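Breakdown of the fold
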Amino acid sequence: MNKRIALLALLAAAIAAYFWFDLGQYLSLDAFKAQQAQIIAAKDANPLLYIGGFFLIYVIVTALSLPGAAIMSLVAGALFGVVTGTIIVSFASSIGATLAFLSARFLLRDWVQSKFGERLKAIDDGIARDGAMYLFTIRLIPLFPFFVVNLLMGLTRIKTRTFYWVSQIGMLPATVVFVNAGTQISKIDSPAGLLSPTLIGSFVLLGIFPWIARGLVAAVKKVNAR
């Protein structure tokens, strides 16, 4: 219990500091655009330092479920290009998401289990059976808030390694879209503008395709078994 209290206090202090010192102002499009030339020049002078620092900040932002990950994905494209930016964001977002997932599991899983054990059992059974597929579908569709998925999945019995690799693969399409858009960051006013109905529809189709394929395979097996 003492470890839980200590972790909770640490997380609360970090989140409070973020809002108290208004650190979010540095994770805005306007802030980056205002100093874009200077930041790029500094990055070119110390590329490894900037890559490492950017990676660490991205992990912290996602691990603490702070706002700013979408902006940072755009900035990654502007700073590092599509390939390097995608690699950085893909791994940093997956690691940060897994840390948030583990925090929720460590802090809340036992309490939720004691309060809603019977109700949670059906969800746990479904996750045990189709957890990877559920998570993969949710990750592909940007309609589901990134941080909410991290925290809720921590309350289930899905394995940590499964959560990590499914998240990394499932979030990759959206990561590529945001990082690639970031290469034209001067033309972007808001991350929301990137998620057009057509693009969201494409993600939805991509998300349900594995279920359709699974159903078709099951149907073929039934026909062949007759």
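The rules behind these values
Within each chain, residues carry numbers counting from 1 in the order of the written sequence. Local features in a predicted model are, by the rule used here, given only for residues with pLDDT of at least 70; side-chain atom pairs are given and counted only at 80 or more, and totals for whole chains, interfaces and linings are based on all residues. The side-chain numbers reported here are obtained from all heavy atoms of the structure, hydrogens and water having been left aside. Numbered from the N terminus, helices here are DSSP runs of H or I no shorter than four residues, and strands are runs of E no shorter than two. Whether a residue is buried, partly exposed or exposed follows from its accessible area with a 1.4 Å probe, protein chains only, as a fraction of its type maximum: under 20%, in between, or over 50%, in that order. Throughout, a residue-residue contact means that at least one pair of heavy atoms, one from each residue, lies within 4.5 Å. The protein chains shown are the only cover counted for residues, whose accessible areas, like all others here, come from Shrake-Rupley with a 1.4 Å probe. Classification of ring pairs rests on two measures: the distance between centres of Phe, Tyr or Trp rings, Trp counted by its six-membered ring, which must be within 6.5 Å, and the angle between planes, read as stacked under 30 degrees, edge-to-face over 60 and tilted in between. Salt bridges, as used here, are contacts in which a Lys or Arg side-chain nitrogen is within 4 Å of a carboxyl oxygen on Asp or Glu. Buried Ala, Val, Leu, Ile, Met, Phe, Trp, Tyr and Cys residues that are joined via side-chain atoms within 4.5 Å together make up what is termed a nonpolar core. Any residue with relative accessible area above 30% and no salt bridge may belong to a patch, with like charges joined within 9 Å and the nonpolar Val, Leu, Ile, Met, Phe, Trp and Tyr side chains within 5 Å. Any N or O atom pair separated by 3.5 Å or less is treated as a polar contact, with the protein-specific requirement of one donor-capable and one acceptor-capable atom, and with residues adjacent in sequence counted only for side-chain atom pairs. A helix is expected to span 1.5 Å multiplied by its residue count minus one. For every residue, the predictor states its confidence as a pLDDT score lying anywhere from 0 to 100.

Here we take up the overall build of the chain. In terms of regular secondary structure, the chain is built from 8 helices and 0 strands. Listing every helix and strand of the chain by position from the N terminus yields α-α-α-α-α-α-α-α. In the chain, buried positions account for 38% of the 226 residues. Across the chain, the fraction of contacts at a sequence separation of at least 24, relative to all contacts at a separation of at least 6, is 80%. Accessible area of the chain: about 12900 Å², with a carbon and sulfur share of 70%.

The next point concerns the packing of aromatic side chains. Using the criterion set out here, one finds 4 aromatic pairs in the structure. Note on Phe54 and Tyr58: the rings are 6.3 Å apart at their centroids and 50° apart in plane angle, and the pair reads as tilted. Here Tyr58 and Phe54 lie together in helix 4 (residues 47-63), a separation of 4 residues that amounts to about one turn. As far as burial versus exposure is concerned, Phe54 and Tyr58 are alike and both buried. Ring centres of Phe101 and Phe163 lie 4.2 Å apart, and the angle between their planes is 15°; this geometry places the pair in the stacked category. Remark: Phe163 occurs in helix 7 (residues 160-182) and Phe101 occurs in helix 5 (residues 69-140); sequence separation between them is 62 residues.

Bringing the pattern of salt bridges into the picture now. Under the definition given, this model contains 1 salt bridge. With a closest N to O distance of 2.9 Å, Lys43 and Asp44 form a salt bridge.

Our next topic: the nonpolar core. The biggest cluster of nonpolar side chains holds 29 residues, and the ones touching the most others in it are Phe54, Tyr58, Leu74, Val75 and Ile185. Put simply, the parts of the chain that give this core at least two residues each are helix 1 (2-20), helix 2 (29-34), helix 4, helix 5 and helix 7. For this core, the element with the highest residue contribution is helix 5, accounting for 13 residues. Excluding anything up to four places from it in sequence, Tyr58 contacts Ala69, Met72, Ser73, Val89, Ala92 and Ser93. By size, the runner-up hydrophobic cluster in this structure holds 9 residues, among which are Met153, Ile158, Phe163 and Val166.

Now for a nonpolar patch on the surface. On the surface, a cluster of nonpolar side chains totalling about 560 Å² of accessible area is made up of Val82, Val83, Ile87, Phe91, Ile95, Leu99 and Leu102. Among the structural elements, Leu99 can be located in helix 5.

Attention shifts here to unusual backbone geometry. Located in the positive-phi region is Asp22, a residue other than glycine, with phi close to 50°. Among the structural elements, Asp22 can be located in the loop between helix 1 and helix 2. Phi is positive for Ser65, close to 55°, though the residue is something other than glycine. Considering the arrangement of structural elements, one finds Ser65 in the loop between helix 4 and helix 5. Under the relative-accessibility criterion, Ser65 is labelled partly exposed at 23%.

Tracing the chain through its elements places Thr62 in helix 4. Residue Thr62 is classed as buried on the basis of its relative accessible area of 2%. A polar side-chain atom of Thr62 sits 3.0 Å from the main-chain carbonyl oxygen of Val59. Contacts of Thr62, omitting those with residues within four sequence positions, involve Ala69, Ala92, Ser93, Gly96, Ala97, Ala100 and Phe146.

This part is about helix 4. Taking 1.5 Å per residue, 17 residues should reach 24 Å; helix 4 reaches 24 Å between its end C-alpha atoms and fits that length. Looking only at helix 4, the buried set comprises Phe54, Tyr58, Val59, Val61, Thr62 and Ala63. Following helix 4 by one or two positions, Ser65 adopts a phi angle in the positive range, close to 55°.

To continue, consider the side chain of Thr98. In this structure, Thr98 sits in helix 5. Residue Thr98 is classed as buried on the basis of its relative accessible area of 10%. With near-sequence residues (within four places) excluded, Thr98 lies in contact with Thr160, Phe163 and Tyr164.

Here the focus is the confidence of the model for the chain. Low pLDDT means the predicted atomic positions in that stretch should not be read closely. Across the chain, the average pLDDT comes to 82, with 79% of residues at 70 or higher. Averaged over each element, pLDDT in the chain is lowest for helix 8 (residues 197-225) (57) and highest for helix 4 (96).

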